[in-house]
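Given next are the chains, with one letter for each unit.
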Amino acid sequence: MSATDQDVGFSGRLANFGAARARHGERAGFMARMLAVGDPLADAVIAELDALGQAGRQMLNAGLTDGLGSLKDPPPAIAALLRQLETVPEWVDREALIQGDVVSQSIPPLWNDLAFSVGSLVHTYSSPAIARLLVQTGQLASMAPRRLLETGIWRIQSMLPGGLVRGAPGYVQTVQVRLLHARVRASALKRGWEHERWGVPINQTDVARTWLDFTVVPFRALEKVGIVITEAQQEALYRHWWYVGYLLGLDEGFFLPLHNHAEAEALLELVDSTLTPLDENTRSLATALLDATADALCAVPGSPFTQPLARELLNALTRSFQGDAVADALGVSPSSVTSLLPLFAAGNAETRRWQLRTPDAAEQARAENLVVYRERTTLVPDGTEYQKHIRATG
């Protein structure tokens, strides 16, 4: 570590900072400062819920579904959070919120799932600081199938038509994810998390990296299997996810400058270039995730996959999406299926060209995808972990 890196601190989280600052200037300084910042509004709500118990959770849940104006004498932290959530920024396209994330809706569910799991989540877990925190919860490695499903349901709810309108499932679940982050942050600090070394748990930079894992990361992965979106579609995608970032409590300085993949990749390169080397935590989480994804592929009625064949496909996709160096560090073996990926890409490109040949054809394909996506949202009838966290009867 250079003297410049030592001056910045966060030795467990921030590496090669001098080189990053030389390439990215003040943007690197902003990213480094955000390692020390959590989410003050959400953190205050967690403290308030601990003090108020069930009554506080009931009021919070009512406020999320019915709005701040429906509450009589709300506690100050809950009121402050709801006020921020209900102050819709001027850059939000309200008509677009009604339509939802139409770009993601246009992606075939199977490939959307694979890009999300093997692209997004594997990339998320390749951050040693994030992996360290998740492993310390003692849950993710053993509960990978549940976490894969739950995160996927939130992702779908956030992209469905009207999903982010106040009180809608995507809006409520996005805030619930935000509050679960705050709960994990509070718990980790109580357990003695070394924030001087690792930064604040689930800090703003970590949230920004995760936000990128739902925008540029999966769509760059999809390009490698023949599913490409236009510049105009990129603009629509990022504008939708700006609002997701806002609801998640992410500082606007991270996402408002981003309008397309090229701009998002510059931020991703900055963040990833300062990560410390992958470690055993990253490997254990990635292994559990890929095993869970293989099981999910095999469990689909009529699936052509066996567990070994599914894992071979996932290994090939991991190496394609993440690169050989990262795949090697994660312990992902080379795969004989790699030679078939160009055929998948050609088939997907031709199918997409045919589906998008006219506006009516594109709308029909989107409608068919939405049927599948809506079915996915019913797969956890007892509620997700973030829903249970603030359930009034919990």
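For clarity, every value in this text was computed on a predicted model and none was experimentally measured. In this convention, every chain numbers its residues from 1, walking through the sequence in written order. Restriction of local features to residues with pLDDT of at least 70 applies here, the model being predicted, together with a cutoff of 80 or more for giving and counting side-chain atom pairs; totals for whole chains, interfaces and linings are based on all residues. To obtain the side-chain values, all non-hydrogen atoms of the structure were used and water was disregarded.

Caption draft 1: Examining the pattern of salt bridges more closely. When a carboxyl oxygen of Asp or Glu lies within 4 Å of a side-chain nitrogen of Lys or Arg, that pair is called a salt bridge. Scanning the entire structure with this criterion turns up 20 salt bridges. For R185, the salt bridge identified is with D43, shortest N-O distance 2.8 Å. With a gap of 142 residues between them, R185 in helix α12 (residues 169–190) and D43 in helix α4 (residues 40–52) connect regions that are remote in the sequence. You can call R185 buried: its relative accessible area is 3%. A salt bridge links D272 to R209; the nearest nitrogen and oxygen atoms lie 2.8 Å apart. In this pair, D272 is assigned in helix α18 (residues 261–273) and R209 in helix α14 (residues 204–212), connecting sequence segments 63 residues apart. Between buried and exposed lies partly exposed: a residue is buried under 20% and exposed over 50% of the maximum accessible area for its type, with that area taken using a 1.4 Å probe on protein chains only. A relative accessible area of 25% means that D272 is categorised as partly exposed. Owing to a relative accessible area of 0%, R209 belongs among the buried residues under this scheme. Taken together, the salt bridges that share partners define one network made up of D113, R155 and R376. Numbering goes from the N terminus for both helices and strands, where a helix is a DSSP run of H or I of at least four residues and a strand is a run of E of at least two.

Caption draft 2: Focus on the environment of L379. Checked against the element boundaries, L379 lands in the loop between α23 (359–376) and α24 (385–389). Relative accessible area serves as the criterion here: at 48%, L379 is assigned to the partly exposed category. The spacing of L379 and I153 is 226 residues in sequence and 8.2 Å in space, taken between C-alpha atoms.

Caption draft 3: Representation of helix α9 (residues 109–125). An ideal rise of 1.5 Å per residue puts 24 Å on 17 residues; α9 measures up with 22 Å between its terminal C-alpha atoms. In the structure, α9 departs most strongly from a straight axis at F116, where the bend amounts to approximately 25°. In terms of burial, α9 is a largely internal element, 15 of the 17 residues being buried. Helix span, as expected, comes to 1.5 Å for every residue beyond the first. Bend is the name given here to the angle between axes fitted to two runs of seven residues, the run ending at a residue and the run starting at it.

Caption draft 4: Looking closely at the nonpolar core. Ranked by internal contacts, the top residues of the largest apolar core, which has 109 residues, are W211, Y243 and L317. By the convention used here, residues are in contact when the closest approach between their heavy atoms is within 4.5 Å. Setting aside residues no more than four positions away along its own chain, W211 makes contact with Y238, W241, W242, G245, L250, F255 and L258. Throughout this description, the term nonpolar core refers to a set of buried Ala, Val, Leu, Ile, Met, Phe, Trp, Tyr and Cys residues connected via side-chain atoms within 4.5 Å.

So far we have only geometry, and geometry alone does not tell us how the molecule works.
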